[in-house]
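Architecture at a glance
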Amino acid sequence: MRSLIWSLVERVFPRLASAALMVLLAQYVAPVVIGLYAWPMLVLTFYYSALDGAIRQVVVPSFANESSYRFLLRYRAWASVCGVVAMVATLAILWFVFPAELHPQILALIPLVVVPIANSYSIIPLGFLQRGEQWRRLANLQLTVSGLSLVVSVPVLFLTRSLLAASLQVLLAELLFAVFAHRAAARMGLPAHLETLTGGETLAREFRHASWFFILGWLQGQADRILLGTIAGTAALGSYNLAMAVARNPGDAVSSSTANVLRVRLDQVDGVPEVRVAADKLLTRASLLSAVLVVLLNLGTEFVLRPFLGGAWTKPLDAVYPASLSILLTTVTWSLAPVLMARGRLAWGSPIKAVGVVLAIPIAIAASHSVETAAWVYLARELVLLVLLVVGCGKATPVRSVALSLLLVGLLGAGFWLLGI
């Protein structure tokens, strides 16, 4: 349980910092500006999914031999270049598409260009620290860098009232983490470990499978935003983005941290029964933790955010309730990817993710009615994907934790409805 808690802390602080800054920014700018920020962040999240998310699946076992480690070095080089090119192209497109009065806000996004470099240079020390199950150390690093990034970006927000604060916060969090992670890994003996590596085969094939899986996962998670912004406009995208930032950012931290811990643990077991037991043990605790988070999110939205943001953001905040319930499902679904990988069935994940992409269409259509309706359809989609992933995992499915997550969705949903939240 301690590993899960520290891994959660490690993943939650960057997301909380981003969500907090987005809420503060909403006080000073119109929804169209928040929507403008969503476009480069879509590209950045694609980078995280296609490259960073995929390399995390293989980075821990890559320290077993020299060939795999050299693959990490090659990844670091071309991931940096690809990321920078993608971000520059995105800002150039925004410059030509949006009117001149928004050009200062587009220039304020320039720090995001450097984010892929900082991210790719953190993957080797991060993997080494995860390999040693240094979750507490990683949590402390993220707490430090999140705090430092806010110390700089919040005053910038008050001074400029622009997207410069948000882009600086993301860059500083990645850059400082890369620096501190390299120092921590060096103290733990990374250089000495690298000298012992010999021969071996690379994990390039596994990386490619994981990359396709996470690209489809990105499409599943972001297609609704792309379609919504295209169909309903950038202002509607801004409203939806704020609702998801409040409801999903902390939840994604729980889901990501649980998957990280489970991935390391499943690397240490063999056999379908052992995989199922290990997954059930961790996911049961994670589901209970997610339930507490859902309660806190809805209470915070009702009694803190509504008075703070005022009536202009009422509709996006109404969507937090159904969107937050999806945390209970994604806590399990995100961790079923390591279960599929442990069973050698990761290829099953791609068609399932493709279904999620198709189901983004009804979410975008629902958003033309209201953001809250879109959030309910989003919840329904996550339920469908959970059922499909259970079929893919077969006998390795952590049945108890899946049943618990569904039960908690029903209980909390009914409880919030009765309380009128």
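Residues numbered from 1 in each chain as written. Predicted model: local features only at pLDDT ≥ 70, side-chain atom pairs only at ≥ 80, totals over all residues. Heavy atoms only, no water.

1. Let's talk about the confidence of the model for the chain
Mean pLDDT over the chain stands at 84; residues scoring 70 or higher make up 94%. Across the chain, the element-wise mean pLDDT spans from 65 in helix H1 (residues 2-26) up to 94 in helix H5 (residues 115-120). (pLDDT = per-residue confidence, 0-100. Helix = DSSP H or I, 4+ residues; strand = E, 2+ residues; numbered from the N terminus.)

2. Quick look at helix H16 (residues 349-358)
Residues of H16 that are buried include every one of Gly-349, Ser-350, Ile-352, Lys-353 and Gly-356, and no others. Buried residues of H16 fall within an arc of 160 degrees about the axis and therefore sit on the same side. (Buried < 20%, exposed > 50% of the residue type's maximum accessible area, 1.4 Å probe, protein only. Arc of directions from axis to C-beta.)

3. Here's the deal with the packing of helix H15 (residues 327-342) against helix H18 (residues 371-393)
Contact geometry for H15 and H18: axes closest at 10 Å, N-to-C directions at 30 degrees. One finds that H15 runs roughly parallel with respect to H18. Relative to H18, the crossing made by H15 is left-handed. From H15, Leu-329, Thr-330, Val-332, Thr-333, Leu-336, Val-339 and Leu-340 reach across to H18, where they touch Leu-379, Glu-382, Leu-383, Leu-386, Leu-389, Val-390, Gly-392 and Cys-393. Split into classes, the residues belonging to the contact of H15 with H18 amount to eleven nonpolar, three polar and one charged. (Axes fitted to C-alpha atoms, helices over the stretch in contact; angles between N-to-C directions. Parallel < 35°, antiparallel > 145°, perpendicular 65-115°, else oblique. Left-handed = near helix turned anticlockwise from the far one by under 90°. Contact = heavy atoms within 4.5 Å. Nonpolar A, V, L, I, M, F, W, Y, C, P; charged D, E, K, R; others polar.)

4. Things to note about the nonpolar core
If you look at soluble globular proteins, the nonpolar side chains tend to sit buried side by side. Ile-55, Phe-63, Tyr-75, Phe-207 and Val-339 are the most contacted members of the largest nonpolar core, which totals 72 residues. In this view, Ile-55 contacts Phe-71, Leu-72, Tyr-75, Ile-123 and Phe-207; residues no more than four positions away in its chain are not counted. Core analysis: the second largest hydrophobic core is formed by 58 residues, Met-22, Tyr-37, Val-170 and Ala-323 among them. (Core = buried A, V, L, I, M, F, W, Y, C linked by side-chain atoms within 4.5 Å.)

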